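Topology and contacts: notes
Next come the chains, spelled out residue by residue.
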Amino acid sequence: MKISTRARYGLKAMVDLATQYGGDPVAVSTLAQMQGISEAYLEQLVAALKRAKLLTGVRGAQGGYMLSRAPEEITVGEVLRALEGTTAVLDCVGDEFFDCENACSCSARPLWLKLQSKIDGVLNDTTIKDMADDYSI
């Protein structure tokens, strides 16, 4: 499984916002500068996170974005699914129906299911607060 640039930058933005949680909204320009990426690219990621109700936008001169819930209530899995659609290592172990003629007789499928279960466990048990706490050490 390879994590995309989209997921990495989006997750990092969420951690950056977690470190600012409880304060003023953070402008996209500030977040983009912190990450060293373009505002236009970050706007795409922020839009996806906002659609998933993980971020709230505030308009105006002092506007920007903030987490929609406390950092300890947002999991890494939620963020990655909002940005990637799925965290499945293979189509045949994902949440969506996948028509594979060999699924019942595939000798490797139990391994892929076990691997997917472990990955999902880590992603769903790790919160943005956990990452922010690890980051600020």
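Note that the structure is predicted; figures quoted are calculated from it, not measured.

**Focus: the pairing of strand β1 (residues 55–58)**
Both β1 and strand β2 (residues 64–67) contribute to a ladder of four bridges, which runs antiparallel. Looking across to β2, one finds that threonine 56 is bridged to methionine 66. Between β1 and β2, which follow one another and run antiparallel, lie five residues, and glycine 60 among them has a positive phi close to 110°.

**Regarding the side chain of aspartate 16**
For aspartate 16, the location among the structural elements is in helix α1 (residues 5–19). Sequence-distant contacts of aspartate 16, defined by excluding residues within four places in its chain, comprise Leu31, Met34, Gln35 and Tyr135.

**Concerning the packing of aromatic side chains**
Within this structure, the stated rule accounts for one aromatic pair. Their ring planes at 85° and their centres at 6.2 Å tell us that tyrosine 9 and tyrosine 41 sit as a pair that is edge-to-face. Of this pair, tyrosine 9 sits in helix α1 while tyrosine 41 sits in helix α3 (residues 39–51), and the two are 32 residues apart along the sequence. Judged by relative accessible area, tyrosine 41 falls into the partly exposed class, the value being 25%.

**Topic: the pattern of salt bridges**
For the structure shown, the criterion picks out three salt bridges. Put simply, arginine 69 and glutamate 78 hold a salt bridge, and the shortest N to O gap is 2.7 Å. Its relative accessible area of 25% is what places arginine 69 among the partly exposed residues. What makes glutamate 78 partly exposed here is its relative accessible area of 25%. With its nearest N and O atoms 2.8 Å apart, the salt bridge here joins aspartate 133 to lysine 129. With a gap of four residues between them, aspartate 133 and lysine 129 both fall in helix α6 (residues 128–135), about one helical turn apart. Classification of aspartate 133 by relative accessible area gives partly exposed; the value is 33%.

**A short note on the environment of lysine 53**
With respect to the secondary-structure elements, lysine 53 resides in the loop between α3 and β1. Expressed as a C-alpha distance, the spacing of lysine 53 and arginine 69, which sit 16 residues apart in the sequence, is 8.9 Å. Discounting chain neighbours no more than four positions away, the residues touching lysine 53 are Ser68 and Arg69.

**Points about the packing of helix α2 (residues 28–35) against α3**
Direction vectors running N to C along α2 and α3 enclose 110°, while the axes themselves pass 9 Å from each other. With respect to their mutual orientation, α2 and α3 come out roughly perpendicular. The handedness of the crossing between α2 and α3 is right-handed. Between α2 and α3, the contacting residues are Val28, Ser29, Leu31, Ala32 and Gln35 on the first element and Glu39, Leu42 and Glu43 on the second. Split by residue class, the contact of α2 with α3 holds four nonpolar, two polar and two charged.

Calculation criteria
Residues numbered from 1 in each chain as written. Predicted model: local features only at pLDDT ≥ 70, side-chain atom pairs only at ≥ 80, totals over all residues. Heavy atoms only, no water. Pairing = 2+ DSSP bridges. Helix = DSSP H or I, 4+ residues; strand = E, 2+ residues; numbered from the N terminus. Contact = heavy atoms within 4.5 Å. Phe/Tyr/Trp six-rings, centres within 6.5 Å; stacked < 30°, edge-to-face > 60°. Buried < 20%, exposed > 50% of the residue type's maximum accessible area, 1.4 Å probe, protein only. Salt bridge = Lys/Arg side-chain N within 4 Å of Asp/Glu carboxyl O. Axes fitted to C-alpha atoms, helices over the stretch in contact; angles between N-to-C directions. Parallel < 35°, antiparallel > 145°, perpendicular 65-115°, else oblique. Left-handed = near helix turned anticlockwise from the far one by under 90°. Nonpolar A, V, L, I, M, F, W, Y, C, P; charged D, E, K, R; others polar.

Interpretation note: all reported values are geometric properties and have no functional meaning in isolation.
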